[in-house]
Amino acid sequence: SFGVENTCHAMEMGAVDTLIVWDKLEVVRVRRKYAQGEEQVLHITLEDFRKRRDCGAQLEVIEKYAFLDWITQQHLDDITLKIITDGSPEGMQFCRGFGGVGGLLRWKMEFESAENESGADDTDEDF
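In this text, all values refer to a predicted model and were calculated from it rather than measured experimentally. (Residues numbered from 1 in each chain as written. Predicted model: local features only at pLDDT ≥ 70, side-chain atom pairs only at ≥ 80, totals over all residues. Heavy atoms only, no water.)

### Some remarks on the sheet that holds strand 5 (residues 80-84)
The pairing of strands in a sheet happens through backbone hydrogen bonds and is either parallel or antiparallel. Taken in spatial order, the 3 strands of this open sheet run 5-1-6, and their pairing is mixed. Each edge of the open sheet carries a strand with a single partner, namely strand 5 and strand 6 (101-105). The mean angle between the axes of side-by-side strands here comes to 20°, regardless of whether they run parallel or antiparallel. Looking at chain direction, strand 1 (residues 16-22) and strand 5 are connected through 5 bridges and run parallel. Residue pairing across strands places tryptophan 22 opposite isoleucine 84, the latter belonging to strand 5. (Pairing = 2+ DSSP bridges. Helix = DSSP H or I, 4+ residues; strand = E, 2+ residues; numbered from the N terminus. Axes fitted to C-alpha atoms, helices over the stretch in contact; angles between N-to-C directions.)

Written as structure tokens, this is what we have:
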């Protein structure tokens, strides 16, 4: 799997054997609450988070973690975590091609379209 959303989905399903994360990944995991009480988890770039916050978006942020920090705090007993750099051609290719997050899967999974896998959730206009 590749990209933040697909990889997180695969982790939730128990399909990830090895998780690969770029050490300079600038994605944050934000858990927020709507006025109606419904909660949502977003994985967005730090830049997008700042832009939306600076625009005066109305929301209640419950938690905000750098994605890499959040991952390292999880109990990944059955997942091998590999942190990579972009200091080699292979590392640079992984960061550019897969957005800095990916997983080697235990079994094949089908994912929805990866067209919005840039690490940002552009469909969330009220953030």
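### Let's talk about helix 4 (residues 89-98)
Those residues of helix 4 that fall on the buried side of the exposure criterion are Gly91, Phe94 and Cys95. Within helix 4, the buried residues cover an arc of 95° as seen down the axis, which keeps them to one side. Exposed residues on helix 4 whose side chains face more than 90 degrees from its buried face are Pro89, Glu90, Gln93, Arg96 and Gly97. Along its buried surface, helix 4 packs onto strand 1, strand 5 and strand 6. Backbone geometry just after helix 4 places glycine 99 at a positive phi near 75°. (Buried < 20%, exposed > 50% of the residue type's maximum accessible area, 1.4 Å probe, protein only. Arc of directions from axis to C-beta. Contact = heavy atoms within 4.5 Å.)

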